[in-house]
Amino acid sequence: MIRVTRLSKRYGRKAVVDDVSFTVAPGEAVALWGPNGAGKTTVLRCLLGLVGYDGAITVSRLDARRHGKAVRRLLGHVPQELSFFDDLTVADTLAFSAQLRGLESARVGEALELVGLSPLRAQRVGALSGGMKQRLALAVALLSDPPILLLDEPTSNLDAAARESAMAILESLRAAGRNLVLTSHHFDEVAALVDRVLALEDGRIVFDSTPAALAQRLRTRATWRVRLAPGQISQALAALQEQGYAARSNGQGILVEVAAHEQKAALDALRRVGLTVTDFEPWH
Amino acid sequence: MALNLAISGAPSRDRVERRLVLAIARKELRDAVRNRWFWLYAGGFTALASALVLAALPGAQIVGSEGFGRTAASLVGLAQLVIPLLGLLLGAQTVATQHERGTLRFLLSHPVSRTEVFWGLYVGQSLAMFAVVAGGFGAAALLSAGRGVATDPSLLATMVGLSWLLSLIAVGIGMFIGAASRRAGAAVGTALVVWFALVFLGDLGIMGTAVATRLPVGVLFFAALANPVEAFRLLAVAAFRGSFDVLGPAGSYAVDALNGRVAGLALAVLAAWVLAPAALGWWRFRTALDL
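Please read these numbers as outputs of a predicted model, since none were measured by experiment.

*Asks:* Please explain the nonpolar core as it appears in this structure.
*Replies:* A general feature of soluble globular proteins is that nonpolar side chains tend to end up buried together. If you look at the biggest cluster of nonpolar residues, it comprises 155 residues, and the most contacted ones within it are A:Leu136, A:Ala139 and B:Leu86. Top contributing element to this core by residue count: helix α6 (residues 153-180) of chain B, with 15 residues. Beyond its immediate sequence surroundings of up to four residues, B:Leu86 is in contact with B:Tyr41, B:Phe45, B:Met129, B:Val132 and B:Ser167. If you look at the next biggest cluster of nonpolar residues, it comprises twelve residues, including A:Leu228, A:Ala239, A:Val258 and A:Leu270.

Listed below in structure tokens is the structure:
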């Protein structure tokens, strides 16, 4: 269904996606997993033809570069950054989207009903909350009933109840054999929705397996990324390795493997030698 | 009906669909008339055109059988000053602002091509500019009629048509600037610099060069004609007066050397200016804009 071959995307000298290859079989659901900046969103933007890229992408044997419109006809997209025309109403937004997809306007009501936005159909999009915008994005993505859904953090702006309802919709789509390619930080989402996980790190695929294997990996290896003030990486590496931690340099920070109860001790080891930790985040 | 504008060997083989261009144009036009800046521009232009009519001597026609009067000259001057500014700003803002707000990404995640989006935006902005121009000159004509002075409808239509042509050029340049800018603020700033160069620096530069280098009048004429604002002025003068005497030695040269082909030449210059910047903007939008 989707074949990505040696995909690379650079901004200046920085490779955001670096030589990534994968396939998504018909009916398969795949998660792109990784921290912010790993390149997940850029992969989705390449699939949509929103950015230029090196390498090749085919969707249903159509070259995404040469047949972008035909490829996008097969895709529904829920972006992470929700950007709509704020002056349009909810219904007008869907009607415009339907027009661009060559659909009948009757689909608008069905999509509104599906995501529970019917009562807000006359509301200006600019006045919607983040959660409501996310529902609208899902409605736009589902409008043409496309065979493939690209979901970029599809529940990130939703409260617990709305997330549950969105998950129910996505699970039913999944059960109906829809192709899903999603990015997520929530393991429960990944476990519930996908067959396969591709973990990205600095634009490269470092892990390609099942959600169960990812769960195992997360349990046995707690890797954290430590960000430091400029110029302190080599000193920090030395300090951590001296204390017996497995640590390695990673761009502007350090990846260090620690057990849950050792996190504070690792940070203290850095602070003791006068280093400034600017961020400390889990790394999957 | 589908138009096939795809270029052989170009990255995309998508067919351009007129219905999509028109859908985006309608949306753009609707957005424009909902935008307070549009009403500020349109209102400002209408107010200035009306003020010029009110300031004219009683009984003076805007454009008509009495020839190229003071009011007509003032309106041509107003158009050559204000319309490029409005077109450049609208054109630059439409692409750059939508890029900055992420709405271009929303549009282009649909099964539409960049070509359809670009020309849809262009057509929408061009229609918005037509509303500004026709509204401004129409109001001036109505005001004039209210004072008991009729305006020759064909000459009024010529004035609106020429001004719209000038606005198409400005929108095209503006959209090229917008497609080449990462930020809306930078696009607007660049548009203002281009406006200043077209309206003031072009004229002053040629005058300064003429004084310093004593260029032949023919070179001066063609150098001036290359500026779309000057080409517009030339055509407007030709339309209203039928003579280029008011342009001084350059006008006399035009009459002597080109023997009646001046208007055609100026129209060709305007046509080239309509096509070139818009085509460059389209190319830039298609090939170089990451969203």
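*Asks:* I keep staring at unusual backbone geometry and nothing clicks. Help me out?
*Replies:* For residues that are not glycine, phi is negative in most cases, and the peptide bond is trans in most cases. Look at A:Arg6: it is not a glycine, yet its phi comes out positive at around 50°. The topology assignment puts A:Arg6 in strand β1 (residues 2-11).

*Asks:* Explanation requested: the domain arrangement of chain A in the structure shown.
*Replies:* For interface size, the figure often reported is the accessible area lost on association. Segmenting chain A into domains produces domain 1 (2-218) and domain 2 (221-283). Computed from C-alpha coordinates alone, the two centres of domain 1 of chain A and domain 2 of chain A are separated by 34 Å.

*Asks:* For this particular structure, what's the right way to read the packing of helix α5 (residues 114-146) of chain B against α6(B)?
*Replies:* The relative placement of two packed helices is expressed as an angle between their axes plus a distance between the axes. Residue and element names in this part refer to chain B. Orientation of α5 relative to α6, taken along the N-to-C sense of each, is 145°, at an axis distance of 9 Å. Seen from above, α5 lies across α6 with right-handed handedness. Judged by residue contacts, Leu121, Tyr122, Gln125, Ser126, Met129, Phe130, Val133, Ala134, Phe137 and Ala141 of α5 engage Leu156, Met159, Val160, Ser163, Trp164, Ser167, Leu168, Val171 and Met175 from α6. Residue composition of the contact of α5 with α6, grouped by class: 15 nonpolar, four polar and no charged.

*Asks:* Any chance you could explain the interface of chain A and chain B here in plain terms?
*Replies:* Every contact between the two is made by 22 residues of chain A and, on the other side, 22 residues of chain B. Listing elements by their share of the side of chain A that touches chain B, those giving two or more residues are α2 (68-73) and α3 (90-100) of chain A.

*Asks:* Help me understand the packing of α5(B) against helix α11 (residues 262-287) of chain B, please; the structure alone is not making it clear to me.
*Replies:* Residue and element names in this part refer to chain B. Two numbers describe how α5 lies on α11: the axes approach to 9 Å, and their chain directions differ by 140°. Between α5 and α11, the interaxial angle falls into the category oblique. Handedness of the α5/α11 crossing: right-handed. On α11, the residues that touch Arg114, Thr115, Phe118 and Tyr122 of α5 are Ala278, Gly281, Trp282, Phe285 and Arg286. Per-class residue counts for the contact of α5 with α11 are five nonpolar, two polar and two charged.

*Asks:* Sorry, what's going on with the sheet that holds strand β9 (residues 196-201) of chain A here?
*Replies:* Hydrogen bonds between backbone groups are what pair the strands of a sheet, and the pairing can be parallel or antiparallel. Residue and element names in this part refer to chain A. Taken together, six strands build an open sheet; the order of strands is β6-β7-β8-β3-β9-β10 and the sheet is mixed. The sheet terminates laterally at β6 (75-78) and β10 (204-209), the two strands that pair on one side only. Within the sheet, the average angular offset between the axes of one strand and its neighbour, ignoring direction, is 15°. Examined bridge by bridge, strand β3 (residues 29-33) and β9 share four bridges and lie parallel to one another. Along β9, the bridge assignment pairs Ala31 with Val197. Against the sheet, helix α1 (residues 40-48) engages β3, β6, β7 (148-152), β8 (179-183) and β9, with an angle of about 145° to β7.

About the thresholds
Residues numbered from 1 in each chain as written. Chains lettered and ligands numbered in written order. Predicted model: local features only at pLDDT ≥ 70, side-chain atom pairs only at ≥ 80, totals over all residues. Core = buried A, V, L, I, M, F, W, Y, C linked by C-beta atoms within 7 Å. Buried ≥ 20, exposed ≤ 12 C-beta atoms within 10 Å, placed from the backbone. Helix = DSSP H or I, 4+ residues; strand = E, 2+ residues; numbered from the N terminus. Contact = placed C-beta atoms within 7 Å. Domains from an automatic or database assignment. Axes fitted to C-alpha atoms, helices over the stretch in contact; angles between N-to-C directions. Left-handed = near helix turned anticlockwise from the far one by under 90°. Nonpolar A, V, L, I, M, F, W, Y, C, P; charged D, E, K, R; others polar. Parallel < 35°, antiparallel > 145°, perpendicular 65-115°, else oblique. Pairing = 2+ DSSP bridges.

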